[in-house]
Amino acid sequence: MRSFALLSSALVALAQTATAVTGAAEGFAKGVTGGGSATPVYPKTTAELVSYLGDSQPRVIMLDRTFDFTGTEGTATETGCAPWGTGSGCQLSLNKNSWCDNYQPNAPKVKVTYDKAGVLGITVGSNKSLIGVGSKGIIKGKGIRIVNGAKNVIVQNIHITNLNPKYVWGGDAITLDNTDMVWIDHVTTSLIGRQHIVLGNNACGRVTISNCKFDGQSTYSATCDTYHYWGMYFTGSNDMITFKNNLISHMSGRSPKVAGNTLLHAVNNYWYDSTGHNFEADTGAKILVEGSVFQNTKTPLEAGGAGKVLAISSNGAVCSQYLGRVCQANGFGSSGTLSGSDTTFLSYFNGKNIASATSYATAKNVVNTAGFGKI
Ligand SMILES: *[C@@H]1O[C@H](CO)[C@@H](O)[C@H](O)[C@H]1NC(C)=O
């Protein structure tokens, strides 16, 4: 009897560790360990989830249900603005930090009612793994924030959704700022008010974003066409981002906007169905795009940006000296072009952990592998 009890508890422990982090980060955040071998915890309420994420213990936090934050902080009704008109498909904006007053002074004023929980995400401390179980790990109505010096965090296999999608400034799904060593993997984001993922102006250090699905479909959009404008925003002061095997679909802009001092290695991603621009390369951006597919995307790169862009076509050999391998050509189907032949920043890859790359033909398979519920 006793040995049976020991055996079954060993089996439970095995089952729990088997459902923790799958695989390992490739690229710049290689070596990230998150909560490491901490005994997994299974929060049951939004309060428990907030507590586990925010405390100072290393933790492996398993999500086996939906955590619905809508209504947990009440609603607010205020005066906002309608910069893109009051059509039924248009996003409105909250007057957050006087944004309407400062940047849209001529926009019509409108009444806005929003869910307060969505505006600011859950604070995540250092040494955490936040892992969804199967396709059960859903956080509704609130995002997550890895900020203020928190580092060594893994987020895998969860879905963040429904952050006041009607309103700009209604909430960001994933925020990084003043951090280092973060791996975001197999995460789906949908129905977001502002940014699907934002790396703020402080240094975010070494970051890998892989196998994620950024779904821009929304009833409300800044371009009033069901395509979300605010995709990814990478403007940190000292950031290195590996962005691999992601599906970026149904966007109309800023997917991503890159500036600050950001080295972005975009490899084997699938940009699909976009009515506006994908890359916005502003001052300080250093962007290498390889092995990726642009399918039905109107403007892969917004014209006129001051950032540095190298988009690989037949010139893959230029990478060898710096990445230790040839880079892969990008592929285009019914899409605009992606120009960019700046090689002056390739030396930044020297000595770093570099993600591998395969042919763009394989990147199309990302539609089958990206997002939560696929591992
Ligand atoms: C995270 O883990 C590292 C390595 O074990 C440790 O040095 C650090 O103090 C931890 N951070 C926190 C906030 O517990």
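Per an unreviewed UniProt entry, the recorded name for the protein is pectin lyase, and the organism is Parathielavia appendiculata. Per UniProt, the comment on the protein under Subcellular location (unreviewed entry) is "Secreted". In its Catalytic activity (unreviewed entry) section, the UniProt record describing the protein reads: "Eliminative cleavage of (1->4)-alpha-D-galacturonan methyl ester to give oligosaccharides with 4-deoxy-6-O-methyl-alpha-D-galact-4-enuronosyl groups at their non-reducing ends."

A. Focus on the pattern of salt bridges. For the structure shown, the criterion picks out eleven salt bridges. One salt bridge in this structure joins Asp 55 and Lys 128, with 2.4 Å as the shortest N-O distance. Taken as a pair, Asp 55 in the loop between helix H2 (46-54) and strand S1 (59-63) and Lys 128 in strand S7 (residues 128-132) lie far apart in primary sequence, 73 residues in all. Judged by its relative accessible area of 22%, Asp 55 is partly exposed. As a salt-bridge pair, Glu 280 and Lys 257 come within 3.4 Å of each other at their nearest N and O atoms. One end of the pair, Glu 280, is in strand S24 (residues 270-281); the other, Lys 257, is in strand S22 (residues 257-258), with 23 residues separating them in the sequence. Assigned by exposure class, Glu 280 and Lys 257 land together as buried.

B. Fine view of the UniProt feature "domain: Pectate lyase" (unreviewed entry) in the protein. Within this structure's numbering, the places UniProt gives as "domain: Pectate lyase" (unreviewed entry) are residues 93-300. The span residues 93-300 is 2% helix and 53% strand, and its two end C-alpha atoms sit 26 Å from each other.

C. Representation of the side chain of Asp 115 within the structure. Tracing the backbone through its elements, the reader meets Asp 115 in strand S5 (residues 109-115). Buried Asp 115, no salt bridge; nearest opposite-charge side chain is Lys 142, N-O distance 7.6 Å. Discounting residues that sit within four places of it in the chain, Asp 115 has contacts with Phe 69, Thr 70, Gly 71, Gly 74, Thr 75 and Asn 164.

D. Spotlight on the sheet that holds strand S23 (residues 262-267). The parallel open sheet is built from nine strands, whose spatial order is S1-S7-S10-S14-S17-S20-S23-S25-S27. Either end of the sheet is taken by a strand with one partner, and the two such strands are S1 and strand S27 (308-311). Ignoring strand direction, the axes of neighbouring strands in this sheet form an average angle of 10 degrees. Examined bridge by bridge, S1 and S7 share five bridges and lie parallel to one another. Pairing of Val 60 across the sheet is with Ser 129, part of S7. Strands in contact with H2 are S1 and S7; relative to S1, the strand with the most contacts, it is inclined by about 155 degrees.

E. Structural context of the packing of aromatic side chains. Taken as a whole and judged by the stated rule, the model has 13 aromatic pairs. Consider the rings of Phe 214 and Phe 243, whose centres lie 6.1 Å apart with planes at 10 degrees: the pair is stacked. Of this pair, Phe 214 sits in strand S18 (residues 213-215) while Phe 243 sits in strand S20 (residues 239-244), and the two are 29 residues apart along the sequence. There is no split in this pair, since Phe 214 and Phe 243 are both buried. Measuring from ring centre to ring centre gives 4.8 Å for Tyr 229 and Trp 230, while their planes differ by 80 degrees; the resulting arrangement is edge-to-face. For the residue pair Tyr 229 and Trp 230, the accessibility class agrees, reading buried in each case. Three or more aromatic residues joined by ring pairs make a cluster, and in this case those are Phe 214, Phe 234, Phe 243, Trp 271, Phe 279, Phe 294 and Phe 332.

F. Looking closely at the state of the cysteines. Applying the stated criterion across every chain, the model contains three disulfides. Sulfur-sulfur distance for the disulfide between Cys 319 and Cys 327 comes to 2.0 Å. Here Cys 319 and Cys 327 share a disulfide; its torsion about the S-S bond, -100 degrees, makes the bridge left-handed. For Cys 319, a relative accessible area of 0% gives the class buried. Given a relative accessible area of 4%, Cys 327 falls into the buried group. Disulfides within the protein link the bonded cysteines, taken in sequence order, as 1-3, 2-4, 5-6. No disulfide involves Cys 204; its sulfur sits 15 Å from that of Cys 212, the nearest cysteine. By relative accessible area, which is 0% here, Cys 204 ends up buried.

G. Local environment of the pairing of strand S15 (residues 188-192). In terms of burial, S15 is largely enclosed, as four of its five residues are buried. When S15 meets S18, the two strands line up parallel, connected through three bridges. Bridging from a neighbouring strand, Thr 188 pairs with Lys 213 of S18.

About the criteria used
Residues numbered from 1 in each chain as written. Predicted model: local features only at pLDDT ≥ 70, side-chain atom pairs only at ≥ 80, totals over all residues. Heavy atoms only, no water. UniProt positions renumbered as here; feature names shortened; annotations may be inferred. Salt bridge = Lys/Arg side-chain N within 4 Å of Asp/Glu carboxyl O. Helix = DSSP H or I, 4+ residues; strand = E, 2+ residues; numbered from the N terminus. Buried < 20%, exposed > 50% of the residue type's maximum accessible area, 1.4 Å probe, protein only. Lys, Arg positive; Asp, Glu negative; His and termini not counted. Contact = heavy atoms within 4.5 Å. Pairing = 2+ DSSP bridges. Axes fitted to C-alpha atoms, helices over the stretch in contact; angles between N-to-C directions. Phe/Tyr/Trp six-rings, centres within 6.5 Å; stacked < 30°, edge-to-face > 60°. Disulfide = S-S within 2.5 Å.

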